[in-house]
Amino acid sequence: MVTKDDDGKGDPEAQPMQSVQPITPISQLGYEACRDELIEVVRLLEQGGLDLDASLKLWERGEQLAKMCEEHLAGARKRVEDALAAGQPEEG
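Calculation criteria
Residues numbered from 1 in each chain as written. Predicted model: local features only at pLDDT ≥ 70, side-chain atom pairs only at ≥ 80, totals over all residues. Heavy atoms only, no water. Helix = DSSP H or I, 4+ residues; strand = E, 2+ residues; numbered from the N terminus. Polar contact = N/O pair within 3.5 Å; in protein donor to acceptor, adjacent residues only side chain to side chain. Contact = heavy atoms within 4.5 Å. Patch = residues over 30% accessible without salt bridge, like charges linked within 9 Å, V, L, I, M, F, W, Y side chains within 5 Å. Areas by Shrake-Rupley, 256 points an atom, 1.4 Å probe, with all protein chains shown as cover. Salt bridge = Lys/Arg side-chain N within 4 Å of Asp/Glu carboxyl O. Buried < 20%, exposed > 50% of the residue type's maximum accessible area, 1.4 Å probe, protein only. Axes fitted to C-alpha atoms, helices over the stretch in contact; angles between N-to-C directions. Parallel < 35°, antiparallel > 145°, perpendicular 65-115°, else oblique. Left-handed = near helix turned anticlockwise from the far one by under 90°. Nonpolar A, V, L, I, M, F, W, Y, C, P; charged D, E, K, R; others polar. pLDDT = per-residue confidence, 0-100. Expected span 1.5 Å × (residues − 1).

What follows is about the side chain of Arg61. Within the secondary structure, Arg61 is located in helix H2 (residues 52-86). A distance of 2.8 Å separates the side chain of Arg61 from the backbone oxygen of Thr24, its partner in a polar contact. For Arg61, the contacting residues outside a window of four places in its chain are Ile23, Thr24, Ile26, Leu29 and Glu37.

Here is the structure:
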């Protein structure tokens, strides 16, 4: 395992470096991606072991993901309702 200390040299006793992954803005995620990430957020929170700040940040992202999932589902529901309404004959 490669680790780095303050001078940038490998040190077997130093803590492993965290890999930094860019976080995709939630507004750019489709329903399935939001749902899958939300499942992972819940899994990590239930697993425990995170410090308070990390837990809160994760929880906040989960709340945003849940809201976006609801918005995607509301949009899909509206499309279905519109399609069904368009297929029904006009009363009159």
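Next comes the rest of the description.
Next up on the list: a nonpolar patch on the surface. On the surface, a nonpolar cluster with roughly 270 Å² of combined accessible area is contributed by Leu45, Leu50 and Trp59. In this structure, Leu45 sits in helix H1 (residues 31-47). The exposure class of Leu45 is partly exposed, given its relative accessible area of 31%.

Before going further, it helps to examine the environment of Glu40. Within the secondary structure, Glu40 sits in helix H1. Residue class for Glu40 comes out partly exposed when judged on its relative accessible area of 35%. Between the C-alpha atom of Glu40 and that of Gly62, which follows or precedes it by 22 residues, the distance is 9.1 Å.

Our next topic: the packing of H1 against H2. Geometrically, a packed helix pair is captured by the angle between its two axes and the distance between the axes. Interhelical geometry of H1 versus H2 gives an angle of 150° and a closest axis separation of 9 Å. Regarding the angle of H1 to H2, the classification is roughly antiparallel. Handedness of the crossing formed by H1 with H2: left-handed. Residue-level contacts link Tyr31, Cys34, Arg35, Glu37, Leu38, Val41, Leu44 and Leu45 of H1 to Ser55, Leu58, Trp59, Arg61, Gly62, Leu65, Ala66, Met68, Cys69, His72 and Leu73 of H2. Here the residues of the contact of H1 with H2 are counted per class, giving 13 nonpolar, three polar and three charged.

A few words on the confidence of the model for the protein chain. Per-residue pLDDT for the protein chain averages 82, and the proportion of residues at 70 or more is 74%. Low pLDDT, under 50, characterises residues 1-8; the stretch is placed with 14 contacts to residues that sit more than four places away or in other chains.

A word on H1. If you check H1, its first and last C-alpha atoms are 24 Å apart, about what 17 residues at 1.5 Å a residue would give, namely 24 Å. Backbone geometry just after H1 places Gly48 at a positive phi near 75°.

So, about the pattern of salt bridges. One pass over the full model with this rule turns up five salt bridges. With its nearest N and O atoms 2.5 Å apart, the salt bridge here joins Glu37 to Arg61. Remark: Arg61 occurs in helix H2 and Glu37 occurs in helix H1; sequence separation between them is 24 residues. Residue Asp53 is joined to Lys57 by a salt bridge in which the shortest nitrogen-to-oxygen separation is 3.3 Å. Of this pair, Asp53 and Lys57 both sit in helix H2, four residues apart, which is roughly one turn of that helix.

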